[in-house]
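Summary of structural features
Each chain, letter by letter, is given below.
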Amino acid sequence: MSDAIISIQGVTKRFGEVTAVERVDLDIRAGEFFALLGPSGCGKTTLLRMLAGFEQPSEGRILIGGQDMTGVQPNHRPVNMVFQSYAVFPHMTVFDNVAYGLKVAHTPRGEIAPRVKEALAMVQLSGYEARKPDQLSGGQRQRVALARALVKRPKVLLLDEPLSALDAKLREAMQIELVRLQQTVGITFVIVTHDQDEALSMADRIAVMESGHVRQVASPQTLYEFPSGRFVADFIGKMNLFEGKVVAREAAGLSVEVEGLGRLELPADERAPAPGRAVGIAVRPEKVELTRSAPPEGSVARRGTVTQVAYYGDVSYVFLDLEDGPALNANVINDERAAEPHFVKGETLWAAWNPRDFLVLGE
Amino acid sequence: MENWRKHPLVFWAFSLPPSFWLVFFFLVPLTLVWGYSFSEKRGIIGTELTFTLDNYLRALEPIYLEILWKSLGMAAAATAICLVVGYPVAFAIAFASERLKPWLLLLVILPFWINILIRTYALIAVFRTRGYANFAYEDLWNAANWVLNTVGLGQLQLIGERFEPMALLYNNAAVVAGIVYAFFPFMVLPLYANIEKLDRSFMEASLDLGAGHWRTFFSVVFPLTWHGALSGIVIVFIPALGAFFIPELLGGTDSQMIGNVIERQFKSANDWPFGAALSFLLMYATFFALALRALVAGRKGGGALDA
């Protein structure tokens with residue numbers, strides 16, 4: 001791909017016996033906001049550290065801006081990093097922290113001050129130049145770390161779990177601000193996160209990683225609506241997953257026998273396993289419709305009893321036991337003001353789906 | 001720590017023994033020696049407290065001041081060497097694998113298991129004319145000589161006609177080396193403790209921002225571990241300044257340090273009041289160094305430690 005600013009080619013990283021990253025191929029496009037998402041220990045941080053140059057791949061190679069980075073030290077790479085701990089130098093003022101990268105690069109003296117000023121303005125820290133890091137809040141320290149990296153005008157900005165140390169409100173504000181910042185400076189951002197909401201809301205594209213492998217690379221919406229496999233389907237968002245067996249796979253449609261749901265007739269899916277093979281059938285909770293009266297023709301509907309209702313304000317999670325056994329989770333939007341819950345525990349309801357909303361997941 | 005207020009008995013039970021120890025084995029003897037420093041000699045063993053300042057005036061005579069200055073210089077040189085060598089060693093240990101680390105620390109502490117006097121004698125065996133250092137040097141010389149003869153440069157005598165052993169012992173350099181050898185662990189351990197605590201991401205951030213390893217050391221690592229260096233400097237410098245058997249065993253006729261002078265007053269010269277005055281002058285110098293350290297630590301401390 002010609003517009004790839006970062007090209008990760010067959011990269012494997014082993015620490016002794018442990019393989020942290022295994023045969024990863026990944027292209028990151030210039031100017032995009034890219035997220036590496038996965039549970040802890042999936043290798044996402046190791047991959048980011050290889051981009052920064054703190055770790056060398058055991059196999060494969062990494063190109064940044066078309067140049068092979070094999071053997072290139074961190075201080076000679078056109079990338080900068082925002083560390084999880086921020087790593088703002090405690091013995092330097094905010095100004096000296098931001099100016100550090102320019103000073104070591106022998107930037108002309110007259111150029112340093114305006115560039116530091118500009119970078120601090122970008123992260124809304126103008127006027128904090130003389131402060132020491134211990135006089136700043138966690139959020140402000142993070143902005144210093146951001147300014148310190150951005151002032152170098154890197155080709156790629158790497159962010160290692162940048163929001164994990166912030167409280168919920170600040171994290172949400174920073175999510176929006178990071179996206180705004182990325183669009184302003186036009187620099188490629190690569191962010192590592194274990195928080196799917198963070199990745200979904202900020203990134204243009206996401207690579208979902210699990211035990212050293214990249215499971216899927218796609219836009220947030222594709223990941224959510226069309227996950228490539230069980231891991232991604234289960235990891236991103238909430239999911240009702242049922243086990244079943246393919247009965248027939250034809251051009252007209254897919255016929256599946258599902259435990260607890262019986263026979264389901266689904267739209268044709270050429271990626272589905274062959275007849276006789278096991279298959280996972282999944283449906284997102286918000287795609288389930290709950291009604292007291294029998295649902296209209298054409299939808300798949302089962303009866304179930306409400307076991308629990310979890311109220312979140314904007315939405316309620318309703319948990320049901322279906323008549324034939326399996327548990328089901330459905331989300332109900334609380335779009336009308338009401339003093340009483342819409343559904344209550346013990347109630348028997350109809351749960352209905354559109355067959356097109358079912359996901360067919362292979363092994 | 002409100003608990004001991006509720007249990008005064010426990011508090012006293014725990015604090016009495018150390019208090020007793022401090023008072024009777026530290027404060028009382030120190031006061032006695034302090035008293036001696038204002039006393040006059042009477043006869044062979046007697047002294048009388050006359051509140052005289054003569055001992056101090058005598059201690060400030062040029063001959064003793066010169067020895068004090070020289071002692072300060074040698075102690076400072078030894079401390080500087082410990083610092084320069086100690087940093088890489090402490091670094092190596094802090095960055096060693098978890099499996100290796102305890103063994104490396106053990107190697108640093110191991111010399112403490114042998115009496116310092118025996119270790120200093122061992123240094124004599126290394127440094128003397130027919131010692132191990134010169135044996136090694138002789139082997140090197142012979143090898144170089146053989147090479148030169150073989151390639152036909154033997155008659156030029158580039159490295160001298162005969163092997164001449166180096167005079168390594170009985171000079172100031174030997175004393176400094178002995179002090180470095182004796183007190184090196186005191187420098188490495190506080191440095192190691194500080195480097196070990198240092199968040200690795202500070203170093204990585206510096207590299208990431210384009211700084212090389214040297215720049216990273218002087219701009220980031222050193223300012224953030226300066227505390228450990230300061231502790232190391234103080235606990236090496238103070239005993240180094242008072243060293244007496246190291247210069248006696250390894251030094252030459254002009255290598256005596258202030259510790260030797262003090263020792264002589266209490267032994268061969270049998271002039272306890274003067275020895276006491278010299279001791280207290282040395283202690284004032286030490287207090288001054290400690291006060292300076294506290295001042296520097298207090299001023300720089302906050303930011304570096306809180307973050």
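Residues numbered from 1 in each chain as written. Chains lettered and ligands numbered in written order. Predicted model: local features only at pLDDT ≥ 70, side-chain atom pairs only at ≥ 80, totals over all residues. Heavy atoms only, no water.

This brings us to the overall build of chain B. A count of helical and extended segments in chain B gives 13 helices and two strands. Whereas a compact globule of 307 residues would reach a radius of gyration of roughly 19 Å, chain B reaches 25 Å, over 25% beyond that. Over its C-alpha atoms, taken along the principal directions, chain B stretches across nearly 80 × 60 × 35 Å. Buried residues in chain B amount to 37% of all 307 residues. Sequence separation of 24 or more characterises 68% of the internal contacts of chain B that already satisfy a separation of 6 or more. With the model as given, the accessible surface of chain B reaches about 18,000 Å², and the carbon-plus-sulfur share is 71%. (Helix = DSSP H or I, 4+ residues; strand = E, 2+ residues; numbered from the N terminus. Rg over C-alpha atoms; globule rule 2.2 N^0.38 Å. Buried < 20%, exposed > 50% of the residue type's maximum accessible area, 1.4 Å probe, protein only. Contact = heavy atoms within 4.5 Å. Areas by Shrake-Rupley, 256 points an atom, 1.4 Å probe, with all protein chains shown as cover.)

Bringing the interface of chain B and chain A into the picture now. Contact residues are listed per partner, giving 22 residues for chain B and 25 residues for chain A. Interface area for chain B against chain A, summed over the two sides, is near 2,000 Å², with a carbon-plus-sulfur share of 62%. In terms of surface lost to chain A, no three residues of chain B exceed E204(B), D208(B) and L209(B), which account for 36% of the buried area on that side. Where chain B touches chain A, the interface holds one salt bridge. With a closest N to O distance of 2.7 Å, R49(A) and E204(B) form a salt bridge. One can count 10 residue pairs in polar contact (both at pLDDT 80 or more) joining chain B with chain A. (Buried area = accessible area lost by both parts, 1.4 Å probe. Salt bridge = Lys/Arg side-chain N within 4 Å of Asp/Glu carboxyl O. Polar contact = N/O pair within 3.5 Å; in protein donor to acceptor, adjacent residues only side chain to side chain.)

A few words on the pattern of salt bridges. Per the counting criterion, the structure on display carries 26 salt bridges over all chains. A salt bridge links R61(A) to D68(A); the nearest nitrogen and oxygen atoms lie 3.7 Å apart. Close ionic contact of E98(B) with K101(B) constitutes a salt bridge, the shortest N to O distance being 3.1 Å. Given a relative accessible area of 61%, E98(B) falls into the exposed group. K101(B) sits in the buried class, given a relative accessible area of 6%. A cluster of three or more residues bridged by salt bridges with shared partners is formed by R49(A), E55(A) and E204(B).

Below, the discussion takes up the nonpolar core. With 95 residues, the main nonpolar core has I6(A), I8(A), L36(A), L47(A), L158(A), V190(A) and I179(B) as its most contacted residues. Sequence-distant contacts of V190(A), that is, excluding residues within four places in its chain, are made with I6(A), I28(A), F34(A), L36(A), L48(A), L51(A), V156(A), L157(A), L158(A) and L159(A). Residues A99(A), L125(A), L166(A) and A199(A) belong to the second largest nonpolar core, which totals 46 residues. (Core = buried A, V, L, I, M, F, W, Y, C linked by side-chain atoms within 4.5 Å.)

Attention now moves to the pairing of strand β1 (residues 39-42) of chain B. Pairing between β1(B) and strand β2 (residues 46-49) of chain B: four bridges, direction antiparallel. Paired with R42(B) across the two strands is G46(B), which belongs to β2(B). (Pairing = 2+ DSSP bridges.)

As a further point, take the confidence of the model for chain B. All names here are of chain B. When the pLDDT values of chain B are averaged, the result is 88; 95% of them are 70 or greater. Across chain B, the secondary-structure element scoring lowest on mean pLDDT is helix α1 (residues 3-6), at 69, and the one scoring highest is helix α9 (residues 200-208), at 95. Across residues 301-307 the pLDDT falls below 50, and counting only partners more than four positions away or on other chains, this stretch makes seven contacts in the model. (pLDDT = per-residue confidence, 0-100.)

As recorded in UniProt, the sites labelled "transmembrane region" (unreviewed entry) are residues 9-34, 72-96, 103-127, 173-195, 216-246 and 272-292 of chain B. The distance from the first to the last C-alpha atom of residues 103-127 of chain B is 28 Å, and the span holds 76% helix and 0% strand. (UniProt positions renumbered as here; feature names shortened; annotations may be inferred.)

This part is about the packing of aromatic side chains. This structure, assessed with the given rule, holds 30 aromatic pairs over all chains. Aromatic pair F33(A) and F189(A): ring centres 5.4 Å apart, planes at 50°, arrangement tilted. Separated by 156 residues along the polypeptide, F33(A) in strand β3 (residues 33-37) and F189(A) in strand β8 (residues 188-193) bring together distant segments of the chain. Neither F33(A) nor F189(A) differs from the other in exposure class; each is buried. Between the aromatic rings of F38(B) and Y56(B), the centroid separation amounts to 5.3 Å while the plane-to-plane angle is 40°, which identifies the pairing as tilted. Within this pair, whereas F38(B) is found in the loop between α2 (8-36) and β1, its partner Y56(B) is found in helix α3 (residues 54-59), the two being separated by 18 residues in sequence. Comparing F38(B) with Y56(B) shows no difference in burial state: the two are buried. Taken together, the ring pairs in this structure connect Y87(B), F91(B), F95(B), W214(B), F217(B), F218(B), F222(B) and W226(B) into an aromatic cluster. (Phe/Tyr/Trp six-rings, centres within 6.5 Å; stacked < 30°, edge-to-face > 60°.)

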